[in-house]
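Below are the chains, spelled out letter by letter.
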Amino acid sequence: FREELRLERLSFDDIRWIVVTHIHPDHFGLAAKLKEVCGAKVVMHQLEAALIDARYTNYRQLAAQLEAMLVSFGVPVDEATQMKEASAWAGKYVAPVHPDILVDEGDTVSNGTFQLDVIHTPGHSAGHICLYEARKRRLFTGDHVVFDAVPEVGVHPQSGADPMGDYLESLDHVGDRPVSFVFPGHGPVFNSLGIRSEEIRREHAARRQQVLGVLEDGVKTVYEVARELDWSSDGRHVEYEGLSFRARRAGVCGTAAWLKRLVHEGEVAAFERDGMTTYMEK
């Protein structure tokens, strides 16, 4: 990294802002170290900042909440325990740091030569933000829109009440701006925000119909619905049992997000049974 900075005739002293789009480990893990090295100010959305301690300082409590939530989805206890621990290893690579500056929709981040508008894009995470540079029409999307994957959106203890609804609204919200180039947090830079956003919408629409199709057979838990959906791993179709425990957790939480959205839309009814939430088509 230092060598790349030299090639660009930059140094750590040139870094003044560390803007965190969201606090998932792969986007937040080195923020504290970078701040220590260059003295820059850490910037993030106020909702995301409020999640730091629970996620990285008091993780065991959050993990217990996650496991209880998975069990309420109908996941067997042994499997829920393994799902809960599936990403615990990533925490050791994160040195949590609290932000120097809290931002929200409509705020700006500027160094005097450029100005980035903050766009609040909840869905993938409750306090996720994108950054828009209007003069050159550049959009920095974090995990909100990427070129070669559909970002994960799921229900979990730190999500909003309707993360799928939030995500789909955020897609529209970002699309209101003219964009020449998109700089995502993963994958290549691309210049077709509208096309890519529409592809993501189509994939979500297909999943919505799949979930409704599974419920035609009767009352089911989140887990029972998830087990009947189509899944893939490394580009290949796999059965639910062929997924890693981390992928199973993402799949179950994503299924829960769609079921909550369908309840909100009036397509599906939810009720409690034996400590678990079950769903049926109206």
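So, here's what we can say about the structure. Note that residues are indexed from 1 along each chain, following the sequence as it is written. For this predicted model, a pLDDT threshold of at least 70 governs which residues receive local features, and a threshold of 80 or more governs which side-chain atom pairs are given and counted, while totals over whole chains, interfaces and linings are taken from all residues. The basis for the side-chain values is all heavy atoms of the structure; hydrogens and waters are excluded.

Description of the overall build of the chain
Applicable threshold: Elements are defined by DSSP. Helices are runs of H or I of four residues or more, strands are runs of E of two residues or more, and each kind is numbered from the N terminus. Throughout this description, buried means an accessible area under 20% of the type-specific maximum (1.4 Å probe, protein chains only), exposed means over 50%, and partly exposed covers the range between. In this description, contact between two residues means that some pair of their heavy atoms is separated by no more than 4.5 Å. We get accessible surface area from the Shrake-Rupley algorithm with a probe of 1.4 Å; when it comes to residues, only the shown protein chains can shield them. Here Asp and Glu are counted as negative and Lys and Arg as positive; His is not counted, and neither are the chain ends. To locate a charge, the coordinates of NZ of Lys, CZ of Arg, CG of Asp or CD of Glu are taken.
Along its length, the chain carries eleven helices and 13 strands. When the backbone C-alpha atoms are referred to their principal axes, the chain occupies close to 60 × 40 × 35 Å. Looking at the 282 residues of the chain, the share that counts as buried comes to 45%. Partitioning the contacts of the chain with sequence separation of at least 6, the portion at a separation of at least 24 is 64%. When the accessible surface of the chain is totalled, it reaches about 14300 Å², and 50% of it is carbon and sulfur. When the 31 positive and 43 negative side-chain charges of the chain are each reduced to one mean point, those points stand 5 Å apart.

A word on the sheet that holds strand 5 (residues 115–120)
Inclusion rule: Two strands are counted as paired when DSSP detects at least two bridges linking them. Angles here are taken between N-to-C directions and fall from 0 to 180 degrees, while the axes themselves are lines fitted to C-alpha atoms, restricted in helices to the stretch in contact.
Here five strands make up an open sheet; going across it, the order is 4-5-6-7-8 and the pairing mixed. Two strands close off the open sheet at either side, each with one partner strand: strand 4 (108–110) and strand 8 (181–184). On average, each strand axis in the sheet is tilted by 25 degrees relative to the strand beside it, whichever way the strands run. Relative to strand 5, strand 4 runs antiparallel, the two sharing three bridges. Bridge pairing in strand 5 places Ser 110 opposite Gln 115. Here helix 8 (residues 163–174) sits on the sheet and contacts strand 5, strand 6 (129–133) and strand 7 (138–142); the angle it forms with strand 5, its principal contact strand, is near 150 degrees.

As for the layout of surface pockets
Quick reminder of the rule: Points on a 1 Å grid over protein atoms alone make up a cavity when a 1.4 Å probe fits among them but cannot get out, and a pocket when they form an open set with protein on both sides within 12 Å along at least five of seven lines; lining residues each have an atom within 4 Å of a point. Grid points are joined across faces, edges and corners, and a volume is the space filled by probe spheres set on the points. The classification used treats Ala, Val, Leu, Ile, Met, Phe, Trp, Tyr, Cys and Pro as nonpolar, Asp, Glu, Lys and Arg as charged, and all other residues, Gly among them, as polar.
Looking at the second largest pocket, its volume works out to about 1300 Å³. Lining of the second largest pocket is provided by 40 residues; of these, Trp 17, Ile 18, Val 19, Leu 34 and Phe 140 occupy positions nearest its centre. Taken together, the elements giving at least two residues each to the lining of the second largest pocket come down to helix 1 (2–7), strand 1 (17–19), helix 2 (25–28), helix 3 (31–38), strand 6, strand 7 and strand 8. Split into classes, the residues belonging to the lining of the second largest pocket amount to 23 nonpolar, eight polar and nine charged.

Thoughts on unusual backbone geometry
You will see that Asp 234, though not glycine, has its phi angle at about 55 degrees, which is positive. Relative to the helices and strands, Asp 234 resides in the loop between strand 10 (231–233) and strand 11 (236–238). We note that Asp 274 has phi near 55 degrees; this positive angle belongs to a residue other than glycine. Along the chain, Asp 274 turns up in the loop between strand 12 (268–273) and strand 13 (276–281).

Quick look at the sheet that holds strand 3 (residues 101–103)
Reading across the sheet, the three strands line up as 1-2-3 and stay open at both edges, with parallel pairing between neighbours. Among the strands making up the open sheet, the edge pair consists of strand 1 and strand 3. Going from strand to strand, the sheet's axes swing by 25 degrees on average, the running direction of each strand aside. Here strand 1 runs beside strand 2 (residues 41–45); their pairing, made up of three bridges, is parallel. Across the sheet, the residue bridging to Trp 17 is Lys 41, located in strand 2.

Considering the pattern of salt bridges
Our working definition: The salt bridge criterion pairs a side-chain nitrogen of Lys or Arg with a carboxyl oxygen of Asp or Glu, the two atoms within 4 Å.
This model, assessed by the stated rule, comprises 17 salt bridges. Across the pair Glu 241 and Arg 227 runs a salt bridge whose closest N-O atoms are separated by 2.5 Å. Of the two residues, Glu 241 sits in the loop between strand 11 and helix 11 (245–265) while Arg 227 sits in helix 10 (residues 222–228), which places them 14 residues apart along the sequence. One network of salt bridges, with partners in common, ties together Asp 162, Arg 208, Arg 261, Glu 265 and Glu 267.

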